[in-house]
Amino acid sequence: MSQPDVSAPLLELRGVRVSFATSRSLMGSPGASTVAQAVDGVNLSVSRGEILALAGESGCGKTTLARAIMGLQPAQEGQILLDGVPMGKTSRALRRHRRRVQLIFQDPSAALDPRQTIYESVAEGLRVQKTPGVERDLVAKALSRAGLRPPERFFTKYPHEVSGGQRQRVLIAGALALEPDVLVADEPVSALDASVRGEILQLLLKLRDELGLAIIIVTHDLGLAWMVANRVAVMYLGRIVENAPAEDLLTSPHHPYTKALLSVVPENHHQEQMILSGETPDPTSIPSGCRFHPRCPLVASGQARRLGIEDRCTSEDPQLTESGSDRAAACFAELVEVPSAQSPSTTTQDPTRATLEDS
Amino acid sequence: MSILELKDLRISYASSEGRLPAVRGVDLHVDRGEVLGLAGESGCGKSTIAASVLRLLPKDAEIDGEVLLDGEDVLTMGWTRLRAVRWSKASIIFQGAMHGLNPVKRVGDQIAQAILIHDESASKESAARQARELIEQVKLPARRARAYPHELSGGQKQRIMIAMALACGPELVIADEPTTALDVMVQAQILDLLKGLQSELGLATLFITHDLSVLTEVADRIAVMYAGKIVEEGPAKQVFDKPKHPYTRALGSAFPEIGDWSYRMSPVGLAGDPPHPNDIPSGCAFHPRCPVATAECADHEPRLESVGPARSASCLLLEPVQNGQMA
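Residues numbered from 1 in each chain as written. Chains lettered and ligands numbered in written order. Predicted model: local features only at pLDDT ≥ 70, side-chain atom pairs only at ≥ 80, totals over all residues.

Turning to the overall build of chain B, a few remarks are in order. Assigned secondary structure in chain B consists of 9 helices and 12 strands. Scaling as 2.2 N^0.38, a compact globule of 327 residues should have a C-alpha radius of gyration of about 20 Å, and chain B matches this with 21 Å. Dimensions along the principal axes, computed over C-alpha positions, put chain B at roughly 65 × 50 × 45 Å. Taking all 327 residues of chain B together, 50% fall into the buried category. Sequence separation of at least 24 residues holds for 62% of the intrachain contacts in chain B that already meet a minimum separation of 6. (Helix = DSSP H or I, 4+ residues; strand = E, 2+ residues; numbered from the N terminus. Rg over C-alpha atoms; globule rule 2.2 N^0.38 Å. Buried ≥ 20, exposed ≤ 12 C-beta atoms within 10 Å, placed from the backbone. Contact = placed C-beta atoms within 7 Å.)

As structure tokens, then:
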């Protein structure tokens, strides 16, 4: 094995594609065999001590991407590298990969076996992975890292005997027991009561800082990203359409889809609402050109035409383009617009506003 | 007169451990054309209140107090009268309601059926025509009347449920977490639709959710519930921006404003769960989780008192004010 390079990302995705054969498309026309392109060429990286929020609506491919990162879903194309080493395909290599990349499920009440004590739940992964060491000590260490202290007090308890936040901590302890490098958390707080969410998010921040974990949070909640993420990658129809440091992306988004998503977060009135019509389209029939163009406010308002990019929007597939300072957006408008023209103070003069509201 | 008024409403359920108090003395009113947001977490009693307005509670529920719908007590109504007011005076959009559609019937027929049940004079043809009009009113093409539920997306099904709630021209709509299962963009579409319908039809709405930030989009007033009681009430924007009760503050913190630097890398939350109805803490029910509780809070139960113009809260640490004057 090669020496890990400290400057290189811990986890890196290069051109990852995942597709599914479906016997029929999602919206009807039975009988036809079609391919759903769930993840369509994703490049992404996460470093040690970094939290990446992978944001998007349901059906955008974010959960499939998370499963591919876990090695639970084979990618047809592309590479997933951990410390610069491509993920192997043998079952032994996959098992080793899955020990280092741990998943935290969405709903702790559903993910924990109600008949199993907390000790058993946390020890299960250790046994599957045949982890060396004294099991009791490893379980205690994991519970205590997850904030369940003193750990012995929780050994013999059952899931229903602890609070909702504590159940989520048990799931996190189960993942931590295997000393992973990467945590993938799929909507880690959406099943929890609102007042309980903060403590779990605080725990994720603490694990990032104290253990240097790389954490990928799959979420549709951009407010959550504001509270904990270092970077945000926004996904639309299997593609990352914008990737930037969280503060830049969330306070001055570049891609029109990101702008629209942010504008509909309740109580986020820095910009006027851009409600897109329809729902995330079908991954079995990805639009030509820019996959977002049929719903894009820049196209609908005529702004794309004024910028002279409309033909490209409908015929060319935009790639994620670096626009300085570590951020990128897959939009042709990026190439013609000066990023500073998009600062919040000038958005009111944006000629697209008026028509956006009726769409 | 308010379209809905709850007076000292108390509701308990039977259980093996005795009565479980779900609602413990609630006074609330919704004025005509007004949107009242009722916010709280699991087990706080908000959905029990929703069900009580149309007397949809299970048989083992014991109810005390009054539920006045347009001045008439729903709890003492005869069955014939109750059937008449359901849907036509008040209707309800349930949590996850899009799963409540009959999968083997066309959605237009399901709406028409609701109309026929409540209006005996209506013909089949006029009910079908009304159904198509309702479908257009919720911004779907009328031809979608012929669709089966599985042919519709989640957002479209929720629109059909809204059309059905409007079928008999109610004055009050109770919306219990109507957007919770939906994506942000679809949630924005549905909230936009509800706002439009409210102003167009002058509908009064009791909008129930755990998400305080959603209520700032739609509600005129907000009431916050904890452990079966109202702990704070006031104009929506004020309650969200300047909460008085420490619980309201915690609930609002779960949905921070993006760009508010006080939340950046510092999420705020409470330890523990909201209490179960069989184990409600002494004194102020919130005191075990309250970040500012004092020893007194465990012994004394605060009352909902005026804490400013149009605002009330129940917390021993707040100074009550009289006649709307700040103390």
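Okay, the interface of chain A and chain B next. Contact residues are listed per partner, giving 36 residues for chain A and 38 residues for chain B. Listed by contribution, the elements that provide at least two residues to the side of chain A that touches chain B are helix H7 (164-176), helix H8 (194-211), helix H9 (222-228), helix H10 (246-251) and helix H11 (256-263) of chain A. When residues of the side of chain A that touches chain B are assigned to their parent elements, the largest contribution, 9 residues, is made by H8(A). In the side of chain A that touches chain B, the residues fall into 16 nonpolar, 14 polar and 6 charged. (Nonpolar A, V, L, I, M, F, W, Y, C, P; charged D, E, K, R; others polar.)

Take the domain arrangement of chain B next. Residues and elements named next belong to chain B. Parsing chain B into structural domains produces domain 1 (4-89 + 170-275) and domain 2 (101-165). On a C-alpha basis, the centroid separation for the pair domain 1 and domain 2 is 26 Å. At 4 residues, the largest contribution of residues to the side of domain 1 that touches domain 2 is made by helix H6 (residues 184-201). When grouped by side-chain class, the residues that make up the side of domain 1 that touches domain 2 number 8 nonpolar, 2 polar and no charged. (Domains from an automatic or database assignment.)

Glancing now at the pairing of strand E7 (residues 182-186) of chain A. Residue and element names in this part refer to chain A. Within E7, 5 of the 5 residues are buried, which leaves the element mostly enclosed by the surrounding structure. Summarising the sheet, strand E6 (residues 101-104) and E7 pair through 4 bridges and their orientation is parallel. Bridge pairing in E7 links Leu103 to Val184. Alignment of E7 against strand E8 (residues 214-219), held across 5 bridges, turns out to be parallel. Paired with Val182 across the strands is Ala214, a residue of E8. Tracing the backbone out of E7, into H8 and back to the parallel element E8 gives a crossover that is right-handed. (Pairing = 2+ DSSP bridges. Right-handed = clockwise from strand over helix to strand, strands pointing away.)

Our next topic: the sheet that holds strand E4 (residues 77-82) of chain A. Residue and element names in this part refer to chain A. Spatially, the 4 strands line up as an open sheet ordered E2-E1-E4-E5, and their pairing is antiparallel. Two strands in the sheet have a free side with no partner beyond their single neighbour: strand E2 (34-46) and strand E5 (85-86). Packed onto the sheet, helix H1 (residues 62-69) meets strand E1 (11-22), E2 and E4 and runs at close to 65° relative to E2. (Axes fitted to C-alpha atoms, helices over the stretch in contact; angles between N-to-C directions.)

Now for the confidence of the model for chain B. For chain B, per-residue confidence averages 92 on the pLDDT scale, and 97% of positions sit at 70 or higher. Across the interfaces of the predicted complex, the ipTM metric reaches 0.87, alongside a pTM of 0.88. (pLDDT = per-residue confidence, 0-100.)

Here we take up helix H4 (residues 118-128) of chain A. Every buried residue of H4(A) is listed here: A:Ile118, A:Tyr119, A:Ser121, A:Val122, A:Ala123 and A:Gly125. Tucked inside the fold, the buried residues of H4(A) contact helix H5 (135-145), helix H6 (152-155) and H7 of chain A.

In this section: the confidence of the model for chain A. In the predicted model, chain A carries a mean pLDDT of 87, and 87% of its residues have values of at least 70. Here residues 338-359 of chain A scores under 50 on pLDDT; set against residues more than four positions off or in separate chains, the count is 28 contacts.

What follows covers the sheet that holds strand E12 (residues 328-329) of chain A. Residues and elements named next belong to chain A. Strand order in this open sheet of 8 strands is E6-E7-E8-E3-E9-E10-E12-E11, and the pairing throughout is mixed. The open sheet has two free edges, formed respectively by E6 and strand E11 (321-322), since each of these has just one partner strand. Pairing of strand E3 (residues 51-55) with E8, which is carried by 5 bridges, proceeds in the parallel orientation. Along E8, the bridge assignment pairs Leu54 with Val218. The sheet contacts of H11 involve strand E9 (231-236) and strand E10 (239-245), and relative to E9 the element is tilted by about 105°.

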